[in-house]
Amino acid sequence: MQSYSYPPADDPLFGTVTVELDHGAGTLVVHGEGVPRVEMRRTGDAAAESHVPIGTRDPEHLTMRVGGSEVELRPSKGFLTRTSYRVDVGDHRFVPVSLDGSRLSRGGVELGVFVSTGDGRVAAEWGDRQPEGYDAAVGYALAAAFGTGAEPAWKLTLDALLEAMP
């Protein structure tokens, strides 16, 4: 994976949102008109995993700042179910809900669905609830850093079984 530079997203509620992702360096910056700046960084000696845009899902090797304040970033390991690929930031939860989309919720209330192929391009579709700029910034950052979507549980389980067979 390499660094990507794409035109900014034109969010219907928050205007222009720019995502700068550098897989090699393990850095991500999200900024825009109506969202606080987000910075995420892969730290320490974590080897860059090619299937994770930011390079790792290990919370010990990731830091995240939103609006200048450090927040606790808790990505789960990801294995046999879609929910095992969830990422929590404070009371926000980001979890795959389809092959290509992941839902952002705050306090259990769905805010919107994000789609990203892991290349720095992110699109958001907001639900009926009115999200805040902070919500959008977190959603764009998580979508860009970890990608969105996952296979259904039966497919993930079958793939794991087939891979374990000699």
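As the structure is a computational prediction, the values presented were derived from the model and not from experiment.

(A) Here's a closer look at the overall build of the protein chain. Broken down by element type, the protein chain carries two helices and 12 strands. N-terminal to C-terminal, the α/β element order of the protein chain is β-β-β-β-β-β-β-β-β-β-β-β-α-α. Across the 166 residues of the protein chain, 45% fall into the buried class. Contacts spanning at least 24 positions in sequence make up 46% of the contacts within the protein chain whose residues lie at least 6 apart. Put simply, the protein chain shows about 8600 Å² of open surface, and 50% of that area lies on carbon and sulfur atoms.

(B) Highlighting the pattern of salt bridges. Under the definition given, this model contains six salt bridges. Note that Glu-72 and Arg-74 form a salt bridge whose closest N and O atoms lie 3.4 Å from each other. A network of salt bridges, in which partner residues are shared, links Arg-106, Glu-132 and Asp-135.

(C) Molecular detail of the nonpolar core. Counting 36 residues, the largest nonpolar core has Leu-28, Met-40, Tyr-140 and Phe-146 as the members making the most contacts within it. Elements with a contribution of two residues or more to this core: β2 (15-22), β3 (27-32), β4 (38-42), β5 (62-66), β8 (87-89), β11 (109-115), β12 (123-126) and α1 (133-146). Per-element accounting of this core gives the leading share, 10 residues, to α1. Aside from chain neighbours lying at most four places away, what touches Leu-28 is Val-19, Glu-20, Leu-21, Val-38, Glu-39, Met-40, Ile-54, Ala-141, Ala-144 and Ala-145.

(D) Region of the structure containing the packing of aromatic side chains. Tallied over the full model, the rule gives four aromatic pairs. Consider the rings of Phe-114 and Trp-126, whose centres lie 5.4 Å apart with planes at 90°: the pair is edge-to-face. With a gap of 12 residues between them, Phe-114 in strand β11 and Trp-126 in strand β12 connect regions that are remote in the sequence. Each residue in the set Phe-14, Phe-94, Phe-114, Trp-126 and Tyr-140 is aromatic and connected to the rest through ring pairs, giving one cluster.

(E) Main features of the environment of Val-109. Relative to the assigned elements, Val-109 resides in strand β11. Taking the C-alpha atoms as reference points, Val-109 and Arg-129, separated by 20 residues in sequence, lie 8.1 Å from one another. Leave out the neighbours within four places in its chain, and Val-109 touches Leu-104 and Arg-129.

(F) Main features of the sheet that holds strand β1 (residues 9-11). On the basis of which strands lie adjacent, the open sheet formed by six strands has the order β1-β2-β3-β4-β5-β6 and antiparallel pairing. Only two strands of the sheet have a single neighbouring strand rather than two, namely β1 and β6 (69-71). Here the average twist between neighbouring strands, direction ignored, is 20°.

(G) Local environment of α1. A rise of 1.5 Å per residue sets the reference length of α1, with its 14 residues, at 20 Å; its end C-alpha atoms lie 20 Å apart and thus fit the reference within 8%. Gly-147 lies just past α1 and shows a positive phi near 75°.

(H) Quick look at the sheet that holds strand β10 (residues 101-106). Reading across the sheet, the six strands line up as β7-β8-β9-β10-β11-β12 and stay open at both edges, with antiparallel pairing between neighbours. The open sheet has two edge strands, β7 (73-75) and β12, and neither has a second partner. With strand direction ignored, the average angle separating the axes of adjacent strands in the sheet is 20°. Two strands pair when backbone bridges link them, and β11 and β12 are joined in this way by four bridges, in the antiparallel orientation. Within β12, the position partnered with Val-113 by the bridge is Glu-125. Where α1 meets the sheet, it contacts β7, β8, β9 (92-96), β10, β11 and β12, and its direction lies at approximately 40° from that of β9.

Procedures and definitions
- Position numbers for residues start from 1 in each chain and track the written sequence from start to end.
- Under the rules for a predicted model, residues below a pLDDT of 70 receive no local features and side-chain atom pairs below 80 are neither given nor counted, while totals for whole chains, interfaces and linings still include all residues.
- Computation of side-chain values: all heavy atoms of the structure, hydrogens and water removed.
- Per the convention used, a helix needs a DSSP run of H or I reaching at least four residues, while a strand needs a run of E reaching at least two, with both numbered from the N terminus.
- Working definition: with a 1.4 Å probe on protein chains only, accessible area under 20% of the residue-type maximum means buried, over 50% means exposed, and in between means partly exposed.
- Contact criterion: two residues are considered in contact whenever any of their non-hydrogen atoms come within 4.5 Å of each other.
- The protein chains shown are the only cover counted for residues, whose accessible areas, like all others here, come from Shrake-Rupley with a 1.4 Å probe.
- The term salt bridge refers to a side-chain nitrogen of Lys or Arg lying within 4 Å of a carboxyl oxygen of Asp or Glu.
- In these notes, a set of buried Ala, Val, Leu, Ile, Met, Phe, Trp, Tyr and Cys residues joined through side-chain atoms within 4.5 Å is what counts as a nonpolar core.
- Only rings of Phe, Tyr and Trp enter the pairing, Trp through its six-membered ring, and a pair is recorded when the two centres are within 6.5 Å. The plane angle decides the type: under 30 degrees is stacked, over 60 is edge-to-face, the rest tilted.
- Pairing between strands requires that DSSP locate at least two bridges from one strand to the other.
- Interaxial angles span 0 to 180 degrees and are taken between N-to-C directions of axes, which are lines fitted to C-alpha atoms, for helices over the stretch in contact.
- Multiplying 1.5 Å by the residue count of a helix minus one yields the expected span of that helix.

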